[in-house]
Amino acid sequence: GTDRGLDELEYVAQRAAGDGVGTYVVTETAAALIVEAWLFGGGIWDYLDRRGSLLPEAETEVLRAWADCPWGLYEVVDVEPGTSISLRDLRGAPDEPVIILSDPAYAGEEYPGAFLLAHVIPDRGSRRLFGPPVEVPSHRLEDAHAMLDADATAVAEWYGSLYRPPVAMEAVSS
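Here goes a summary of the coordinates provided. Keep in mind that what you see is a predicted model, and the values were worked out from it rather than measured.

## A look at the overall build of the chain
Part 1 of the argument: When you go through the chain residue by residue, the secondary structure sums to five helices and five strands.
Part 2 of the argument: Out of the 174 residues in the chain, the part that is buried amounts to 39%.

## Side note on the sheet that holds strand β3 (residues 99-101)
Part 1 of the argument: Taken in spatial order, the five strands line up as β3-β2-β1-β4-β5 in an open sheet, and their pairing is antiparallel. Of all strands in the sheet, those with a lone pairing partner are β3 and β5 (126-135), marking the two edges. Between one strand axis and the next, the sheet turns through 45° on average, direction left out of account.
Part 2 of the argument: Pairing of strand β2 (residues 84-89) with β3 involves three bridges; the strand directions are antiparallel. Paired with Leu87 across the two strands is Ile99, which belongs to β3.

## What about the nonpolar core?
Part 1 of the argument: Judged by nonpolar contacts, the single largest core of 18 residues is most densely connected at Leu33, Trp71, Leu117, Val134, Val136, Trp158 and Tyr159.
Part 2 of the argument: Of all the secondary-structure elements, those providing two or more residues to this core are α2 (28-51), β4 (115-123), α4 (141-146) and α5 (152-161).
Part 3 of the argument: For this core, the leading source of residues is α5, giving four residues.
Part 4 of the argument: Excluding anything up to four places from it in sequence, Trp71 contacts Leu33, Glu36, Ala37, Arg91, Leu117, Ala118, His119, Leu148 and Val155.
Part 5 of the argument: By size, the runner-up hydrophobic cluster in this structure holds 12 residues, among which are Val79, Leu87, Val120 and Leu129.

The rules behind each value
Residues numbered from 1 in each chain as written. Predicted model: local features only at pLDDT ≥ 70, side-chain atom pairs only at ≥ 80, totals over all residues. Heavy atoms only, no water. Helix = DSSP H or I, 4+ residues; strand = E, 2+ residues; numbered from the N terminus. Buried < 20%, exposed > 50% of the residue type's maximum accessible area, 1.4 Å probe, protein only. Pairing = 2+ DSSP bridges. Axes fitted to C-alpha atoms, helices over the stretch in contact; angles between N-to-C directions. Core = buried A, V, L, I, M, F, W, Y, C linked by side-chain atoms within 4.5 Å. Contact = heavy atoms within 4.5 Å.

Any functional reading would require information that these geometric values do not contain.
Right, dumping it as structure tokens:
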């Protein structure tokens, strides 16, 4: 039930914060990513299994469509400040058309050439971002791509690894 879902979210939050136990601090962006990872990692289907019969059919159809949307890795191609953002799906074929999102909430926050981890979901005949996208440093593209089909815990661990301090290594003399 609800307790299981909350336990799963807490566990994922701990993984995003970078420690398996004890106190952890989760930023607003991390909190949004944690919930998103959990929802798209089976939380939507769990909700529909438990409560779907109570929803209007139109809402159930929307949630089903969202639940099938995978994580995507995108390159920002163009931004029309306050109007739209154009993305190239790095998972898709090179000749696949650019995705243009009329999403004033995010248009202007990102710059061309940036890489984003996000869910692009259907929304009343168009598409939009679900939650805030995560900017992916170019040196982390390969591991971000490898993690796209992972579960919520792996996504949270990957996100947490973006902000962990580097590990000091001792030089070994020969």
